[in-house]
Amino acid sequence: MSAGDEETGFEPATGEGPLPPGPAGRRAASVRTAFAGMLQIRRLTNTGSAAPETVPAAWELHRTVRAVALALEASALAASAVDASGRRTATGYRVAAGTLPGTARVEWLGPPGSGAAHEEERELTRCATALRELGWTALLYRGPRNRRFLEVEPPTGAARPDSRR
């Protein structure tokens, strides 16, 4: 763990910042540890479920962007990235807050000329599969300029965070 990791803690890649620093092997180990911790929280808090690892824990519903980004990164899907000027430098998923509290929006983005728009349906389908396996509802939509995106929300019956917070 680098000094920066010790100071700030682990942050999953959302595709909205720079590529995570440091060796890829160290990053992969951090992702595995964080994901294992999330699954353990699910086992401990979802005691009423027959398959507790397949239901998002309450803390995930209050930190949906972080939970969804962790699920995608742990599934070995590539995150997009931007440089200090905000220019996109890598092709992959981008997770942002959804239109409703407790939801997230996942897009497949890349630098100009990267072909990300041609990959988005296939790659967003892979993202949706990974999220559904972890209990999220992931719906594929077509937005402006016919670009596709996922709207990710808690499973039916899960309490969403209060929008008045």
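Residues numbered from 1 in each chain as written. Predicted model: local features only at pLDDT ≥ 70, side-chain atom pairs only at ≥ 80, totals over all residues. Heavy atoms only, no water.

Topic: the overall build of the protein
When you go through the protein residue by residue, the secondary structure sums to 5 helices and 6 strands. Written out in order from the N terminus, the α and β elements of the protein read α-α-α-α-β-β-β-β-α-β-β. When contacts within the protein are restricted to residue pairs at least 6 apart in sequence, long-range pairs at least 24 apart make up 49% of them. Only carbon and sulfur atoms are counted for the fraction: they give 54% of the accessible area of the protein, which is about 9,100 Å². (Helix = DSSP H or I, 4+ residues; strand = E, 2+ residues; numbered from the N terminus. Contact = heavy atoms within 4.5 Å. Areas by Shrake-Rupley, 256 points an atom, 1.4 Å probe, with all protein chains shown as cover.)

A word on the pattern of salt bridges
Opposite charge on two side chains makes pairing possible when the charged atoms of those side chains draw close. Within the structure shown, the criterion is met by 14 salt bridges. The closest approach of N and O atoms between Glu-107 and Arg-105, which form a salt bridge, is 3.5 Å. For Glu-107, a relative accessible area of 14% corresponds to the buried category. Arg-147 is paired through a salt bridge with Glu-120; the nearest N and O atoms lie 2.7 Å apart. Residue Arg-147 is found in the loop between strand S5 (137-142) and strand S6 (148-153), and its partner Glu-120 is found in helix H5 (residues 116-133); the two are separated by 27 residues along the sequence. (Salt bridge = Lys/Arg side-chain N within 4 Å of Asp/Glu carboxyl O. Buried < 20%, exposed > 50% of the residue type's maximum accessible area, 1.4 Å probe, protein only.)

Thoughts on helix H4 (residues 64-74)
For H4, a buried count of 8 out of 11 residues is recorded, marking the element as mostly surrounded by other parts of the structure. By the burial criterion, the buried members of H4 are Thr-64, Ala-67, Val-68, Ala-69, Leu-70, Ala-71, Leu-72 and Glu-73. Close packing links the buried residues of H4 with helix H2 (24-45), helix H3 (58-62), strand S3 (92-97), strand S4 (104-109), H5 and S6. A positive backbone phi angle near 65° is found at Ala-76, which sits one or two residues after H4.

A closer look at the side chain of Arg-27
Structurally, Arg-27 can be placed in helix H2. For Arg-27, a relative accessible area of 18% puts it in the buried group. If we ignore the near neighbours within four places in the chain, the residues touching Arg-27 are Phe-10, Glu-11, Pro-12, Ala-13, Pro-20 and Glu-73.

Here's the deal with H5
Residues separated by three or four positions in an α-helix point in the same direction, a consequence of the helix having 3.6 residues per turn. Here H5 contains 18 residues, and its C-alpha end-to-end distance of 24 Å stays within 8% of the 26 Å for a straight helix at 1.5 Å per residue. At Arg-122, H5 shows its maximal kink, close to 35°. Ala-116, Glu-120, Glu-123, Leu-124, Cys-127, Ala-128, Ala-130 and Leu-131 are the residues of H5 that are buried. Buried-residue contacts for H5 involve H4, S3, S4, S5 and S6. (Expected span 1.5 Å × (residues − 1). Bend = angle between axes of the 7 residues up to and from the residue.)

Brief notes about the packing of H2 against H4
Two elements in contact, H2 and H4, have axes separated by 10 Å at closest approach and are oriented at 125°. By the angle between their directions, the pair H2 and H4 is classed as oblique. As for the relative orientation of H2 and H4, their crossing is left-handed in sense. On the side of H2, the interface is formed by Arg-27, Val-31, Ala-34, Phe-35 and Met-38, while H4 contributes Leu-70, Ala-71, Glu-73 and Ala-74. For the contact of H2 with H4, a count of residues per class yields 7 nonpolar, no polar and 2 charged. (Axes fitted to C-alpha atoms, helices over the stretch in contact; angles between N-to-C directions. Parallel < 35°, antiparallel > 145°, perpendicular 65-115°, else oblique. Left-handed = near helix turned anticlockwise from the far one by under 90°. Nonpolar A, V, L, I, M, F, W, Y, C, P; charged D, E, K, R; others polar.)

Considering the sheet that holds S4
With antiparallel pairing, 4 strands are arranged side by side in an open sheet as S3-S4-S6-S5. Whereas interior strands pair on both sides, the edge strands pair on one side only; in this sheet they are S3 and S5. Put simply, the sheet's adjacent strands are angled 25° from each other on average, direction ignored. In the sheet, S3 pairs with S4 via 6 bridges, with the strands oriented antiparallel. Of the residues in S4, the one forming a bridge with Ala-97 is Ala-104. Here H4 sits on the sheet and contacts S3, S4 and S6; the angle it forms with S3, its principal contact strand, is near 165°. Contacts from H5 reach S3, S4, S5 and S6 within the one sheet, and its direction differs from that of S4 by about 140°. (Pairing = 2+ DSSP bridges.)

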